[in-house]
Amino acid sequence: MNPAAAGAPIRVRIAPSPTGDPHVGTAYMALLNLIYARQRGGRFVLRIEDTDRARFVAESEQMIFDALRWLGLEWDEGPDRGGPYAPYRQSERTPLYQQAAADLLAAGRAYRCFCTAERLESMRRAQAAAKLPPRYDRACRSLPPAEAAARAAAGEAFVVRLAVPLDGATTFRDELRGAITFDHANVDDQVLLKSDGFPTYHLANVVDDHAMYISDVIRAEEWISSTPKHVLLYDAFGWPAPRFWHMPLLRNKDKSKISKRKNPVSLIYYRQAGYLPAAMINFLGLLGGGMPAAEDAAAEKFSFADMLARFQFDQIRLGGPVFDLEKLRWLNGLYLRALTPEAFLEAVRASVFGEAYLARIAPLAQERIETLGQFFDLTDFFFLDAVVPPREVFLPKKRTLEDTLRVAVALTAALEAAEWTPPALEAALRALAQTQGWSAKEVFMLLRALVTGKTASPPLLESLEVFGRARTLDRLRRFLEIQAARPAPPPAPRPAE
RNA sequence: GGCGCCAUCGUCUAGCGGUUAGGACGUCGCCCUCUCAAGGCGAAGACCGCGGGUUCGAAUCCCGCUGGCGCUACCA
């Protein structure tokens, strides 16, 4: 059965990988896929691509569920709700990929590769030195299959690589762009099965899309270059390929692919910062075209239902849209003001002064309070949209601005990686102090200044735990951004103290 | 570097051979107003990246160039 044949049921999917906070790009793709499916009476599948055990983050999967549901982007089939093609978690489907790899091996469309990471690295170094494109040199491709099988059986570590045809080219159709051709000379012998037995995205995605009867692969533009590998795989398996739709990539202000460094990308952040799901959906719908002409201001405000009724996939713009926070904020304001006073009050109560949030903040203030009136003085940073610490607050005595900024950058990286619990945070901060040559006290104070805007606060680690990673990182990055944008100040006199 | 994709105001976009190139965000001004927002009105802002074609006529079609972006992992 050909899932992409005319008349075949429409089935689409998103395949996020649980490697961190749920990403705004995931929401964008989910929205587009959902609309595509709903407009055609199809099904929308959520599949978790947890094949990278090195980057796996345990809480991430649940956060993806929560974030998508917060936006109202509900799926028809998925790990938590099952479906006819379960399981929907790739880590639970490994036998399928191993069988697929074995089939490919047997058919001579793939081969075992025993090259070590060190050899691959030196190979790439040599290629770079010779100004050659970095590509696997196919050293293991000529190994007799029997010999390779014997070495594998003897316990030698190996990966399975796709045997890309030595000449010719692969052409596929992108529904938005037409035919795209890649010369085989430019397609690498991609790793299909890693030495840990897990598949790479390329293998897993093809095997699963086929097994799940996916009719249309609607994904981000960054996948165009690897599509020929996927097409080659479908061909090797003798399976019909789905239709491919590559959507424009969301961008930072400087037009680069949207990234956490330059833009808040965590859906957790947007929820905590008080954006409304309807506004976020509306905003994403505005990006990349697809909605009919906006003749006036009112036409730019629309709901998910409006998108269902009017969104047109063939009207999608191919230029990557800048994710303009200013416009998102304006839209969000529009929605907030449209709320009834009762609904608005409820939103404030639930979102800003949520019972659970307050319950965690109150104990932090209690020990250092004399009148209840001081509560907000002590805890304001938990509720502010942003804090901008003045230089005398964030610049430690005896440190230069350059030095401080360097530590702030390292601090951001350390907090990105740390487990979000006070003990883990403390360990990370102390380790950072060590490597940066700062005292723990200085590091704690810098972080306190950047997050709270003050030099005095409730216990920092506990405050961070409550405040959350997404907003903490946003404050640090916003600070770094402001400092980077600021012209280098003259060798300033030390702030008088 | 190689390969690929893309290209209308600062930003999001409308336009799909003949328009004063329209709207929105942002910016600026005026009005409203105790302030600030919101709201109303208005302004500035795009020789449609550049150069060639095709055509009576190109933002719209074709080619080249340039620029931007993406990919170039045992990450997705």
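Please read all numbers here as calculations on a predicted model, not as lab measurements. (Residues numbered from 1 in each chain as written. Chains lettered and ligands numbered in written order. Predicted model: local features only at pLDDT ≥ 70, side-chain atom pairs only at ≥ 80, totals over all residues. Heavy atoms only, no water.)

1. Details of the overall build of chain A
Here is step 1: Summing up its helical and strand segments, chain A has 20 helices and 9 strands in all.
Here is step 2: Against the compact-globule benchmark of 23 Å for 497 residues, chain A has a radius of gyration of 26 Å, which places it among compact chains.
Here is step 3: Structurally, chain A occupies a C-alpha span of about 80 × 55 × 40 Å along its principal axes.
Here is step 4: Every one of the 497 residues in chain A was classed for burial, and the buried ones make up 48%. (Helix = DSSP H or I, 4+ residues; strand = E, 2+ residues; numbered from the N terminus. Rg over C-alpha atoms; globule rule 2.2 N^0.38 Å. Buried < 20%, exposed > 50% of the residue type's maximum accessible area, 1.4 Å probe, protein only.)

2. Quick word on the side chain of Ser215
Here is step 1: Following the sequence through the fold, Ser215 ends up in the loop between helix H6 (201–211) and strand E8 (216–220).
Here is step 2: Within the structure, Ser215 has its side chain in polar contact with the side chain of Asp216 (distance 2.7 Å).
Here is step 3: When residues no more than four places from it in sequence are discounted, the contact partners of Ser215 are Pro3, Ala4, Pro9, Ile10, Arg11, Pro242 and Arg243. (Polar contact = N/O pair within 3.5 Å; in protein donor to acceptor, adjacent residues only side chain to side chain. Contact = heavy atoms within 4.5 Å.)

3. Section: the domain arrangement of chain A
Here is step 1: For chain A, the assigned domains are domain 1 (94–241), domain 2 (267–351) and domain 3 (355–485).
Here is step 2: One C-alpha centre belongs to domain 1, the other to domain 3, and the line joining them spans 45 Å. (Domains from an automatic or database assignment.)

4. Overview of the packing of aromatic side chains
Here is step 1: In total, this model carries 23 aromatic pairs according to the counting rule given.
Here is step 2: With a centroid separation of 6.3 Å and an interplanar angle of 5 degrees, the aromatic rings of Phe172 and Phe182 are classed as stacked. Of this pair, Phe172 sits in strand E5 (residues 169–174) while Phe182 sits in strand E6 (residues 178–183), and the two are 10 residues apart along the sequence. Summarising the burial analysis for this pair, Phe172 and Phe182 share the class buried.
Here is step 3: Among the aromatic residues, those joined into a ring-pair cluster are Phe353, Tyr357, Phe376, Phe381, Phe382, Phe383 and Phe467.
Here is step 4: Against the face of Tyr36 rests Arg40, its NZ or CZ located 3.7 Å from the ring centre.
Here is step 5: Between Lys301 and the ring centre of Tyr335, over which it is positioned, the NZ or CZ distance is 4.6 Å. (Phe/Tyr/Trp six-rings, centres within 6.5 Å; stacked < 30°, edge-to-face > 60°. Lys NZ or Arg CZ within 6 Å of the ring centre and 35° of its normal.)

5. Some points on the packing of H6 against helix H7 (residues 227–237)
A pair of packed helices is captured by two measures, namely the crossing angle of their axes and the spacing between those axes.
Here is step 1: Two elements in contact, H6 and H7, have axes whose closest approach is 10 Å; the angle formed by their N-to-C orientations is 55 degrees. Considering the angle they form, H6 stands oblique to H7. Classified by chirality, the crossing of H7 by H6 is right-handed. Taking contact as the criterion, the partners of Tyr201, His202, Leu203, Asn205, Val206, Val207, Asp209 and His210 in H6 are, on H7, Lys229, His230, Leu233, Tyr234 and Phe237.
Here is step 2: In terms of residue class, the contact of H6 with H7 is made up of 7 nonpolar, 4 polar and 2 charged. (Axes fitted to C-alpha atoms, helices over the stretch in contact; angles between N-to-C directions. Parallel < 35°, antiparallel > 145°, perpendicular 65-115°, else oblique. Left-handed = near helix turned anticlockwise from the far one by under 90°. Nonpolar A, V, L, I, M, F, W, Y, C, P; charged D, E, K, R; others polar.)

6. Focus on the pairing of strand E4 (residues 159–162)
Here is step 1: Residues Val159 and Arg161 of E4 are buried on one face, and the alternating residues Val160 and Leu162, pointing to the opposite face, are buried as well.
Here is step 2: Relative to E4, strand E3 (residues 110–113) runs antiparallel, the two sharing 4 bridges. Within the sheet, the bridge partner assigned to Cys113 lies in E4 and is Val159.
Here is step 3: Alignment of E4 against strand E7 (residues 191–193), held across 2 bridges, turns out to be antiparallel. Note on E7: the bridge partner recorded for Val160 is Leu193. (Pairing = 2+ DSSP bridges.)

7. Things to note about the pattern of salt bridges
Here is step 1: Taken as a whole and judged by the stated rule, the model has 40 salt bridges.
Here is step 2: Between Arg109 and Asp235 there is a salt bridge, with its nearest N and O atoms 3.0 Å apart. Taken together, the residues Arg109 in the loop between helix H3 (94–106) and E3 and Asp235 in helix H7 connect sequence positions 126 residues apart.
Here is step 3: For Arg109, a relative accessible area of 25% translates into the label partly exposed.
Here is step 4: Exposure remark for Asp235: the relative accessible area of 48% places this residue in the partly exposed category.
Here is step 5: Residues Glu121 and Arg125 are paired through a salt bridge, measuring 3.2 Å at the closest nitrogen-oxygen approach. One end of the pair is Glu121 and the other is Arg125, both in helix H4 (residues 117–129) and 4 residues apart, which spans about a single turn.
Here is step 6: By relative accessible area, Glu121 is classed as partly exposed at 46%. (Salt bridge = Lys/Arg side-chain N within 4 Å of Asp/Glu carboxyl O.)

8. A few points about the protein's contact with RNA strand B
Here is step 1: The immediate surroundings of RNA strand B are formed by 54 residues, with Asp52, Lys194, Ser195, Gly288 and Glu300 found nearest.
Here is step 2: Within 4 Å of the protein, the contacting atoms of RNA strand B are drawn from sugar and phosphate to the extent of 80%.
Here is step 3: In the model, a sugar or linking oxygen of RNA strand B is placed 3.1 Å from a nitrogen or oxygen of the Arg177 side chain.
Here is step 4: Contributing elements (two or more residues each) for the surface near RNA strand B: E4, E6 and helix H11 (325–338). (Near = heavy atom within 4 Å.)

9. Describing the environment of Pro389
Here is step 1: Among the secondary structure elements, Pro389 is positioned in the loop between helix H14 (375–379) and helix H15 (391–394).
Here is step 2: Beyond its immediate sequence surroundings of up to four residues, Pro389 is in contact with Phe394, Ala449, Leu450, Gly453 and Phe479.

10. Section: the sheet that holds E3
Here is step 1: In space, the 3 strands of this open sheet follow the order E3-E4-E7, with antiparallel pairing throughout. If you trace the sheet from one side to the other, it starts and ends with E3 and E7, each paired once. Taking the axes of each pair of neighbouring strands and ignoring which way they run, one obtains an average angle of 45 degrees across the sheet.

11. Brief notes about helix H17 (residues 422–436)
Here is step 1: Between its first and last C-alpha, H17 extends 21 Å over 15 residues, near the 21 Å set by a 1.5 Å rise per residue.
Here is step 2: When we look at burial in H17, the residues that qualify are Pro422, Leu425, Ala428, Leu429, Leu432, Ala433 and Gln436. Along H17, the residues classed as buried sweep out an arc of 140 degrees about the axis, all on the same side. Turned more than 90 degrees from where H17 packs its buried face, Pro423, Gln434 and Thr435 sit exposed.
Here is step 3: Looking at the buried positions of H17, the neighbouring elements they touch are helix H16 (401–417), helix H18 (440–452) and helix H19 (460–467). (Expected span 1.5 Å × (residues − 1). Arc of directions from axis to C-beta.)

12. Brief notes about the confidence of the model for chain A
Here is step 1: In the predicted model, chain A carries a mean pLDDT of 94, and the fraction of residues at 70 or more is 97%.
Here is step 2: Within the model, the stretch residues 489–497 combines pLDDT values under 50 with 9 contacts to residues more than four positions away or in other chains.
Here is step 3: Interface predicted TM-score (ipTM) for the complex: 0.96; the corresponding pTM is 0.94. (pLDDT = per-residue confidence, 0-100.)

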